[in-house]
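Breakdown of the fold
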Amino acid sequence: MFESITSIFYNTLDAIFMPIIKVLHPALAILIIAIIVSLIINIATKLLVDQERVAELKREIKEYQAKLKKGSKDPEMLKKLQEEQQKYMQINAELMKLSFRPMIYTWLPIILIFIYLRHVYGFGGVYQELNPGWNGVVVYLPTILSKILLVNFWHWLGSIFYKGGFNIVSDTALGWLGWYILCSFPISTVLRKILGIK
C-alpha cells in the first residue's frame, strides 16, 4: 500500500519535473523548481492574508517603536508607553497569526517537494542513476561567498543528520538542499515585492 502511494507520488512529480531535470543542469532545474514553489507560496499568502490589515498592524507597531525610542529619554512618557505595551503585544500577536495562516496550507507541499528533490538529487537518486559520475555537487560558490554563508558549518551540521551519501568535501560546494535554500530566499523576496505582499 505505502509503496503504491510513493510510486504514484514520484510518478506524478516525475511527469511534471522530469523533462527539466533530464535536460537542464541541476542548478538550473532546482532554480526553476524553487521559482515555482515560491510562486505558489506567495500566491497563497496573497490570497489568504488581509494585506491591508497587515500593513495597518505594521504601521501601528512602527509608530509605537518610534514613540518608545523617543520616550526612553522622558521617564513620564516611558511610563505611559509601558502601560500601552499590552495593546501592542496583542497587535503583534495578531500580526503573527496572520503571517502563519498560509503555512497551514503550504507546509505539506513544501515537505513533499523536499522529499521529491531528495529522491532525484540525493545519493543514489534518479539524477545519479542518469549520470553515474555525478558527485552530488550542484554548484561551487566563490570562496568568499561560501565563507559568508558558512558552508563549512552547514556541511558539518548535515553530516550529523545525514549519514552516508556523497561526502561533499569542498568548502565551496553546495548540494541540492543548500542550492534550493540559497535560491528560494531572494526569489521569494522579489515575488513578495511583485505581488505587493506586506
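In case you missed it, the structure is sitting above this.
Residues numbered from 1 in each chain as written. Predicted model: local features only at pLDDT ≥ 70, side-chain atom pairs only at ≥ 80, totals over all residues. Heavy atoms only, no water.

1. Brief notes about the packing of helix α2 (residues 26-48) against helix α9 (residues 176-195)
Relative to each other, α2 and α9 sit at 40 degrees, their axes nearing to 8 Å. The angle between α2 and α9 places the two elements in the oblique class. Considering how the two elements wind past one another, α2 and α9 form a crossing that is right-handed. Residues Ala-27, Ile-30, Leu-31, Ala-34, Ile-35, Val-37, Ser-38, Leu-39, Asn-42, Ile-43, Thr-45 and Lys-46 of α2 touch α9, and the partners they reach there are Trp-176, Trp-179, Tyr-180, Cys-183, Ser-184, Ile-187, Ser-188, Leu-191, Arg-192 and Leu-195. Of the residues in the contact of α2 with α9, the class split is 15 nonpolar, five polar and two charged. (Axes fitted to C-alpha atoms, helices over the stretch in contact; angles between N-to-C directions. Helix = DSSP H or I, 4+ residues; strand = E, 2+ residues; numbered from the N terminus. Parallel < 35°, antiparallel > 145°, perpendicular 65-115°, else oblique. Left-handed = near helix turned anticlockwise from the far one by under 90°. Contact = heavy atoms within 4.5 Å. Nonpolar A, V, L, I, M, F, W, Y, C, P; charged D, E, K, R; others polar.)

2. Let's talk about the layout of surface pockets
Its volume calculated, the second largest pocket comes out at about 660 Å³. Lining the second largest pocket are 27 residues, with Ile-41, Thr-45, Met-103, Ser-188 and Arg-192 positioned closest to its centre. Looking at the lining of the second largest pocket, the elements with two or more residues in it are α2, α3 (51-71), α5 (85-121) and α9. Broken down by element, the lining of the second largest pocket gets its largest block of residues, nine residues, from α5. The residue makeup of the lining of the second largest pocket, split by class, is 15 nonpolar, nine polar and three charged. (1 Å grid on protein atoms, 1.4 Å probe; cavity = no way out; pocket = protein on both sides within 12 Å on 5 of 7 lines; lining within 4 Å. Points joined across faces, edges and corners; volume = space filled by probe spheres on them.)

3. Details of unusual backbone geometry
Residue Leu-150 is not a glycine yet carries a positive backbone phi of 55 degrees. Mapped onto the secondary structure, Leu-150 falls in the loop between α7 (143-148) and α8 (151-161).

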